[in-house]
Amino acid sequence: MPHRRTVSDVMTEEVITLRTDTPLHEVAALLDANDIAAAPVVDDEGVPVGVVSASDVLRHETGMPDPQGRDGNDEHAWDKARARTAGALMSSPVFTASPDWTVPRAARELRSRHVKQLPVVGDHGRLTGIVSRSDLLDTFIRSDAEIRGEVERDVLGRILGLEKDAVAVDVRDGAVTLRGHVPDPRLVPVVVGLCQGVDGVVAVDARLVAVRAG
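Residues numbered from 1 in each chain as written. Predicted model: local features only at pLDDT ≥ 70, side-chain atom pairs only at ≥ 80, totals over all residues. Heavy atoms only, no water.

1. Looking at the overall build of the protein chain
Heads up, the condition is: Only DSSP runs of H or I reaching four residues or more are called helices, and only runs of E reaching two or more are called strands; each is numbered from the N terminus. With a 1.4 Å probe rolled over the protein chains alone, any residue whose accessible area is under 20% of its type maximum counts as buried; one over 50% counts as exposed, and the rest are partly exposed. Pairs of residues are marked as contacts when any of their non-hydrogen atoms sit within 4.5 Å. A 1.4 Å probe and the Shrake-Rupley method give the accessible areas. Residues count as covered only by the protein chains that appear here.
On a plain count of helices and strands, the protein chain comes out with nine helices and seven strands. Here the protein chain, with 214 residues, has 36% of them falling under the buried criterion. Intrachain contacts of the protein chain at a sequence separation of at least 6 include 58% that bridge at least 24 residues. Counting every atom, the protein chain has about 12,300 Å² of accessible surface; 50% of that belongs to carbon and sulfur.

2. Structural notes on the pattern of salt bridges
So the rule is basically this: Any carboxyl oxygen of Asp or Glu within 4 Å of a side-chain nitrogen of Lys or Arg constitutes a salt bridge here.
Within the structure shown, the criterion is met by ten salt bridges. We note a salt bridge from R19 to D44, for which the minimum N-O separation is 3.0 Å. Residue R19 is located in the loop between helix 1 (7–10) and helix 2 (24–33), and its partner D44 is located in the loop between strand 1 (38–42) and strand 2 (48–53); the two are separated by 25 residues in the primary sequence. Between E150 and R142 there is a salt bridge, with the nearest N and O atoms lying 2.9 Å from each other. Accessibility classification places E150 together with R142 in one group, the buried group. Among the charged side chains, a salt-bridge network with shared partners connects R153, D154 and R158.

3. Concerning the nonpolar core
The cut-off we apply is this: Buried residues of nine kinds, namely Ala, Val, Leu, Ile, Met, Phe, Trp, Tyr and Cys, make up a nonpolar core once their side-chain atoms join them within 4.5 Å.
Counting 21 residues, the largest nonpolar core has V151, L156, V167, V176 and L178 as its most contacted members. Sequence-distant contacts of L156, that is, excluding residues within four places in its chain, are made with V151, G161, L162, V167, V169 and V191.

4. Side note on the side chain of D135
What counts is decided by this rule: Polar contacts here mean pairs of N or O atoms no more than 3.5 Å apart (in protein, one a potential hydrogen donor and the other a potential acceptor; neighbouring residues in sequence count only if both atoms are side-chain atoms).
In this fold, D135 is placed in helix 7 (residues 133–140). Under the relative-accessibility criterion, D135 is labelled buried at 14%. Of note is the side chain of D135, whose polar atom sits 2.9 Å from the backbone nitrogen of S132. In this view, D135 contacts V10, M11, T12 and I130; residues no more than four positions away in its chain are not counted.

5. Details of the pairing of strand 7 (residues 203–210)
Note the following rule: Pairs of strands are assigned from DSSP output, requiring at least two bridges between the strands. The crossover handedness rule: strands pointing away from the viewer, path from first strand over the helix to second strand clockwise, crossover right-handed.
Sheet topology places strand 6 (residues 175–182) next to strand 7; eight bridges connect them, and they run parallel. Within strand 7, the residue paired with V182 across the bridge is A210. As a crossover connection, the stretch from strand 6 through helix 9 (residues 187–196) into strand 7 is right-handed.

6. Looking at the sheet that holds strand 6
To be explicit about the condition: Only the stretch in contact is used when a helix axis is fitted, and all axes are lines through C-alpha atoms; the angle between N-to-C directions ranges over 0 to 180 degrees.
The three strands lie next to each other as 5-6-7, forming an open sheet whose pairing is mixed. Because the sheet does not close on itself, it has two edges, and the strands there are strand 5 (167–172) and strand 7. Averaged over all pairs of adjacent strands, the angle between strand axes in this sheet comes to 10°, irrespective of strand direction. Strands in contact with helix 8 (residues 144–159) are strand 5 and strand 6; relative to strand 5, the strand with the most contacts, it is inclined by about 155°. Strand contacts of helix 9: strand 6 and strand 7, with the helix running at about 155° to strand 7, the strand carrying the most contacts.

7. Things to note about the confidence of the model for the protein chain
To keep it simple, the criterion reads: A residue's pLDDT is the predictor's confidence in that residue, given on a scale from 0 to 100.
When the pLDDT values of the protein chain are averaged, the result is 86; 86% of them are 70 or greater. Summarising per-element confidence for the protein chain, the mean pLDDT is lowest in helix 4 (residues 75–81) (60) and highest in strand 5 (96). Scored below 50 in pLDDT, residues 67–72 makes eleven contacts in the model with residues more than four places away or belonging to other chains.

8. A few points about helix 6 (residues 103–113)
Think of an α-helix as 3.6 residues a turn; residues three or four steps apart then line up on the same face. For clarity, the cut-off: In this description, one arc is meant: the one made by directions from the helix axis to the C-beta atoms.
For helix 6, the full list of buried residues reads V103, A106 and L110. Projection of helix 6 onto a plane perpendicular to its axis shows the buried side chains occupying an angular sector of 65°, all on one side. More than 90 degrees from the buried face of helix 6, the exposed residues found are R108 and R111. Trailing helix 6 by a residue or two, H114 shows a phi angle of about 60°, which is positive.

And the structure:
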């Protein structure tokens with residue numbers, strides 16, 4: 001099968017982290033200096049225990065439970081508004097991703113959790129990176145040349161073992177058009193399915209004819 005990129009392929013490995021006792025003025029400075037929307041809070045073992053976002057900092061600075069002043073009767077929200085450290089301000093528990101998740105799975109988790117990024121943890125729960133919506137989006141923004149190369153090299157060549165000139169591949173804006181012949185009609189849906197599995201492919205038009213050898 002073509003290599004399906006995983007979270008480990010697209011995540012950012014150098015992560016700005018916070019400790020539970022990090023003062024809020026340092027939190028705000030780190031977020032601003034690194035132009036990031038949020039940062040994970042880790043314990044002494046490097047395990048994520050929460051996340052502090054720029055909106056959390058805004059709640060603190062405004063003295064409100066949230067930027068619009070909602071949930072005003074929520075005591076926990078007011079406690080966060082009065083916080084002085086990352087540990088008191090952070091959102092917890094923290095949702096995390098695994099390095100071996102596929103990109104579509106990570107995208108579904110981001111959407112279902114209504115978050116913009118997920119800390120990535122290894123086997124022992126320690127932070128190994130962070131994956132964001134933009135990281136996942138970049139996976140699908142591939143040049144037509146990259147897609148064509150993977151289809152020709154991996155799908156038609158390495159996996160199916162077709163002759164180099166058997167199928168011509170054209171890619172425009174992620175839409176793959178295949179023209180040529182295959183040795184068995186049963187291969188047509190296989191070729192289509194494999195091409196659809198290539199990252200960045202948005203559609204496959206298979207104009208293939210089955211021509212049996214001999």
